[in-house]
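Descriptive structure summary
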Amino acid sequence: MTTEAPAGGPRRTSGATKAAILEAARERFAADGYERATIRAIARDAGIDPSMVMRYYGNKEGLFAAASEIDLRMPELGGLPGKHIGAVLVAHFLDRWEADDVLTALLRVGVTNAAGAERVQLVLAEQLVPLAAGVCPDPADAPRRAALAASQILGMAMARYVLRFPPAVAMAREEVIAWLAPTIQRYLTAETAG
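Computed from a predicted model, the values in this text were never measured in an experiment. Counting starts from 1 at the beginning of each chain's written sequence and moves along it residue by residue. Only residues with pLDDT of at least 70 get local features here, since the model is predicted, and only at 80 or more are side-chain atom pairs given and counted; chain-wide, interface and lining totals rely on the full set of residues. Remark: hydrogens and water are excluded; side-chain values derive from all non-hydrogen atoms of the structure.

**Notes on helix α10 (residues 173–189)**
Per the convention used, a helix needs a DSSP run of H or I reaching at least four residues, while a strand needs a run of E reaching at least two, with both numbered from the N terminus. An expected span of 1.5 Å times one less than the residue number is assigned to each helix. Over its 17 residues, α10 extends 23 Å from the first C-alpha to the last, a length consistent with the 24 Å expected when each residue adds 1.5 Å. For α10, the secondary structure elements touched by its buried residues are α5 (85–99), α7 (114–135) and α8 (142–162). Residues count as neighbours in contact if any of their non-hydrogen atoms are within 4.5 Å of one another.

Here it is as structure tokens:
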């Protein structure tokens, strides 16, 4: 099946058009944030008519939800010695933040827009809570423990990749892991007092 052709180019399949829209949306949301990104700008970047964006994604919220589909590719922690869980998780998130601008864009949008905040909450609920449930002493406590771990991970991401605080940016990867890992470890695996 073919759809609209980019200006002066061959017709694209619907799959190629959707992929072009999502790529343009990710770049535009990352560069401009949710509020300033427009359907027109995204369509222009994708080389299509704005009506095609609406056809496939309905509205800006639908497009943002599709563009911010994120698989955090959480590491398998079950086979690790318990004392390494914090370090492995912090290293994993550093790898993800450094390799994926969509995560940074999602964080920016998450602090300025309700739809973005809901998206961040959903990603963490679907992906970090199950991981926490697999390693914490009481799986019923996993949502609270995941929220505590997220506070540290997202806090560092905000300081290092969004706000770019010079001391946070200047820290070597090993330093970030050394500082955050014990806290993440405690949040996920320590017995609770009381």
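**Focus on the packing of aromatic side chains**
Only rings of Phe, Tyr and Trp enter the pairing, Trp through its six-membered ring, and a pair is recorded when the two centres are within 6.5 Å. The plane angle decides the type: under 30 degrees is stacked, over 60 is edge-to-face, the rest tilted. Taken as a whole, this structure holds five aromatic pairs when the rule is applied. With centroids separated by 5.9 Å and ring planes inclined at 10°, the aromatic side chains of Phe29 and Tyr34 adopt a geometry described as stacked. Aromatic pair Tyr34 and Phe64: ring centres 5.3 Å apart, planes at 80°, arrangement edge-to-face. With Tyr34 in helix α1 (residues 14–36) and Phe64 in helix α4 (residues 60–67), this residue pair connects regions lying 30 residues apart in the sequence. Judged by relative accessible area, which is 4%, Phe64 ranks as buried. One aromatic cluster is present, formed by Phe29, Tyr34 and Phe64 through successive ring pairs. Only protein chains enter the accessibility calculation, which uses a 1.4 Å probe; a residue is then buried when its area is under 20% of its type maximum, exposed when over 50%, and partly exposed in between.

**Thoughts on the nonpolar core**
In terms of nonpolar packing, the biggest core is built from 64 residues, with Ile21, Phe29, Leu63, Leu89 and Leu188 touching the most fellow members. Counting residues per element, this core draws most heavily on α8, which supplies 11 residues. Dropping the residues within four chain positions of it, Phe29 is found in contact with Tyr34, Ala37, Ile42, Lys60, Leu63, Phe64, Ala67 and Ala105. Definition of nonpolar core: a set of buried residues of the types Ala, Val, Leu, Ile, Met, Phe, Trp, Tyr and Cys, connected through side-chain atoms within 4.5 Å.

**Digging into the confidence of the model for the protein**
Confidence along the protein averages 86 in pLDDT terms, with 90% of residues attaining 70 or more. Of all the helices and strands in the protein, helix α6 (residues 101–112) carries the lowest mean pLDDT, 79, while helix α9 (residues 166–170) carries the highest, 97. The pLDDT value expresses, per residue, how confident the predictor is, ranging between 0 and 100.

**Comments concerning the packing of α5 against α10**
Simply put, an axis is a line fit to the C-alpha atoms, just over the touching stretch for a helix, and the angle between two N-to-C directions goes from 0 to 180 degrees. Orientation of α5 relative to α10, taken along the N-to-C sense of each, is 125°, at an axis distance of 7 Å. For the element pair α5 / α10, the angle class is oblique. Considering how the two elements wind past one another, α5 and α10 form a crossing that is right-handed. Between α5 and α10, the residues in contact are Ile85, Gly86, Ala87, Leu89, Val90, Ala91, Leu94, Asp95 and Glu98 and Arg173, Val176, Ile177, Leu180, Ala181, Ile184, Gln185, Leu188 and Thr189, respectively. Grouping the amino acids of the contact of α5 with α10 by side-chain chemistry returns 12 nonpolar, three polar and three charged. In this scheme, roughly parallel covers angles under 35 degrees and roughly antiparallel covers those over 145, while 65 to 115 is roughly perpendicular and the rest are oblique. Crossings are classed by handedness, with left-handed meaning an anticlockwise turn of the near helix from the far one by less than a right angle and right-handed meaning a clockwise turn. Each residue gets one of three labels, nonpolar for Ala, Val, Leu, Ile, Met, Phe, Trp, Tyr, Cys and Pro, charged for Asp, Glu, Lys and Arg, and polar for the others, Gly among them.

**Things to note about unusual backbone geometry**
Positive phi, close to 45°, is recorded for Arg73, a residue that is not glycine. Position of Arg73 relative to the elements: it lies in the loop between α4 and α5. Residue Arg73 is classed as exposed on the basis of its relative accessible area of 53%. Of note in this structure, Arg164 is not a glycine but carries a positive phi near 55°. Here Arg164 is to be found in the loop between α8 and α9.

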